[in-house]
Amino acid sequence: MQADESASLRQGIVGAVDARGNRVQVQGIWIDLVAGKTQLLRSGRAAGLDTLAAGEPIRFTVMSGRAGAPAMKVIYAP
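The present account deals with the structure reproduced in this document. (Residues numbered from 1 in each chain as written. Predicted model: local features only at pLDDT ≥ 70, side-chain atom pairs only at ≥ 80, totals over all residues. Heavy atoms only, no water.)

Our next topic: the pattern of salt bridges. Between side chains of opposite charge, pairing is possible as soon as their charged atoms come close. Applying the stated criterion to the full structure yields 2 salt bridges. As a salt-bridge pair, Arg23 and Asp18 come within 3.9 Å of each other at their nearest N and O atoms. Its salt-bridge partner being Arg42, residue Glu56 comes within 2.4 Å of it at the nearest N-O pair. With a gap of 14 residues between them, Glu56 in the loop between strand S5 (45-47) and strand S6 (57-64) and Arg42 in strand S4 (residues 39-42) connect regions that are remote in the sequence. There is no split in this pair, since Glu56 and Arg42 are both buried. (Salt bridge = Lys/Arg side-chain N within 4 Å of Asp/Glu carboxyl O. Helix = DSSP H or I, 4+ residues; strand = E, 2+ residues; numbered from the N terminus. Buried < 20%, exposed > 50% of the residue type's maximum accessible area, 1.4 Å probe, protein only.)

What follows is the structure, encoded as C-alpha coordinates:
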(Lines give C-alpha, C1' and ligand atoms only; values in the text may rest on other atoms or scores of the structure.)
Protein backbone atom coordinates (compact mmCIF):
# COMPACT_ATOMS: atom_id res chain seq x y z
CA MET A 1 0.00 0.00 0.00
CA GLN A 2 1.39 3.38 -0.99
CA ALA A 3 0.63 6.52 1.01
CA ASP A 4 -0.01 9.84 -0.72
CA GLU A 5 1.80 12.51 1.24
CA SER A 6 0.99 15.38 -1.16
CA ALA A 7 -1.51 16.91 1.27
CA SER A 8 0.79 16.54 4.29
CA LEU A 9 1.75 19.87 5.81
CA ARG A 10 5.52 20.16 5.94
CA GLN A 11 7.64 22.81 7.60
CA GLY A 12 11.08 24.27 7.22
CA ILE A 13 13.14 27.39 6.85
CA VAL A 14 13.79 28.97 3.48
CA GLY A 15 17.53 28.58 2.90
CA ALA A 16 17.62 30.45 -0.41
CA VAL A 17 15.43 31.75 -3.23
CA ASP A 18 16.82 31.49 -6.77
CA ALA A 19 17.40 34.71 -8.71
CA ARG A 20 14.37 34.19 -10.97
CA GLY A 21 12.06 33.27 -8.08
CA ASN A 22 11.22 29.90 -9.66
CA ARG A 23 12.59 27.78 -6.80
CA VAL A 24 13.24 27.90 -3.09
CA GLN A 25 15.62 25.83 -1.04
CA VAL A 26 14.21 24.29 2.13
CA GLN A 27 16.31 22.02 4.34
CA GLY A 28 18.88 21.83 1.51
CA ILE A 29 16.36 20.68 -1.15
CA TRP A 30 15.34 22.87 -4.09
CA ILE A 31 11.57 22.92 -4.63
CA ASP A 32 9.87 24.56 -7.62
CA LEU A 33 7.41 27.43 -7.40
CA VAL A 34 4.89 27.21 -10.24
CA ALA A 35 3.40 30.53 -11.36
CA GLY A 36 -0.38 30.32 -11.35
CA LYS A 37 -0.38 27.11 -9.27
CA THR A 38 1.73 27.80 -6.18
CA GLN A 39 -0.15 29.94 -3.68
CA LEU A 40 1.48 31.92 -0.85
CA LEU A 41 -0.56 32.88 2.20
CA ARG A 42 1.10 35.38 4.50
CA SER A 43 -0.74 35.88 7.81
CA GLY A 44 -3.80 34.30 6.20
CA ARG A 45 -3.84 36.60 3.16
CA ALA A 46 -2.70 35.96 -0.41
CA ALA A 47 0.77 37.36 -1.13
CA GLY A 48 3.19 37.39 -4.04
CA LEU A 49 5.78 34.63 -4.32
CA ASP A 50 8.42 37.35 -4.65
CA THR A 51 7.95 38.15 -0.95
CA LEU A 52 9.58 34.89 0.19
CA ALA A 53 12.99 35.49 1.80
CA ALA A 54 15.88 33.37 3.03
CA GLY A 55 15.69 32.64 6.75
CA GLU A 56 11.91 32.72 6.85
CA PRO A 57 10.08 29.81 8.54
CA ILE A 58 7.30 28.34 6.38
CA ARG A 59 4.79 25.51 6.31
CA PHE A 60 3.86 24.09 2.91
CA THR A 61 2.24 21.33 0.86
CA VAL A 62 3.89 19.70 -2.15
CA MET A 63 2.61 18.66 -5.58
CA SER A 64 4.31 17.11 -8.57
CA GLY A 65 5.86 19.78 -10.80
CA ARG A 66 7.60 19.65 -14.16
CA ALA A 67 9.15 16.29 -15.00
CA GLY A 68 7.94 14.90 -11.68
CA ALA A 69 10.12 17.25 -9.60
CA PRO A 70 8.59 18.42 -6.33
CA ALA A 71 6.78 21.77 -6.43
CA MET A 72 5.12 23.75 -3.67
CA LYS A 73 1.36 23.96 -3.82
CA VAL A 74 0.44 26.12 -0.84
CA ILE A 75 2.91 28.03 1.34
CA TYR A 76 1.97 29.44 4.73
CA ALA A 77 4.28 32.19 6.02
CA PRO A 78 4.02 34.38 9.12
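Here the narrative resumes.
Considering all chains together, one arrives at 0 aromatic pairs under this definition. Geometry around Trp30 places Arg23 over its ring, the cationic atom sitting 4.4 Å from the centre. (Phe/Tyr/Trp six-rings, centres within 6.5 Å; stacked < 30°, edge-to-face > 60°. Lys NZ or Arg CZ within 6 Å of the ring centre and 35° of its normal.)

Before going further, it helps to examine the pairing of S4. For S4 and strand S7 (residues 70-77), the ladder comprises 4 bridges, and the chain directions are parallel. Within the sheet, the bridge partner assigned to Leu40 lies in S7 and is Ile75. In the sheet, S4 pairs with S5 via 3 bridges, with the strands oriented antiparallel. Counterpart to Leu41 in the pairing with S5 is Ala46. (Pairing = 2+ DSSP bridges.)

Here is a general trend for soluble globular proteins: nonpolar side chains tend to be buried in one another's company. Counting 13 residues, the largest nonpolar core has Val24, Leu52, Ile58, Phe60, Met72 and Ile75 as its most contacted members. Counting only elements with at least two residues in this core, the list comes to strand S2 (23-26), strand S3 (29-33), S6 and S7. Sequence-distant contacts of Ile58, that is, excluding residues within four places in its chain, are made with Arg10, Gln11, Gly12, Val14, Val26, Leu52, Met72, Ile75, Tyr76 and Ala77. (Core = buried A, V, L, I, M, F, W, Y, C linked by side-chain atoms within 4.5 Å. Contact = heavy atoms within 4.5 Å.)

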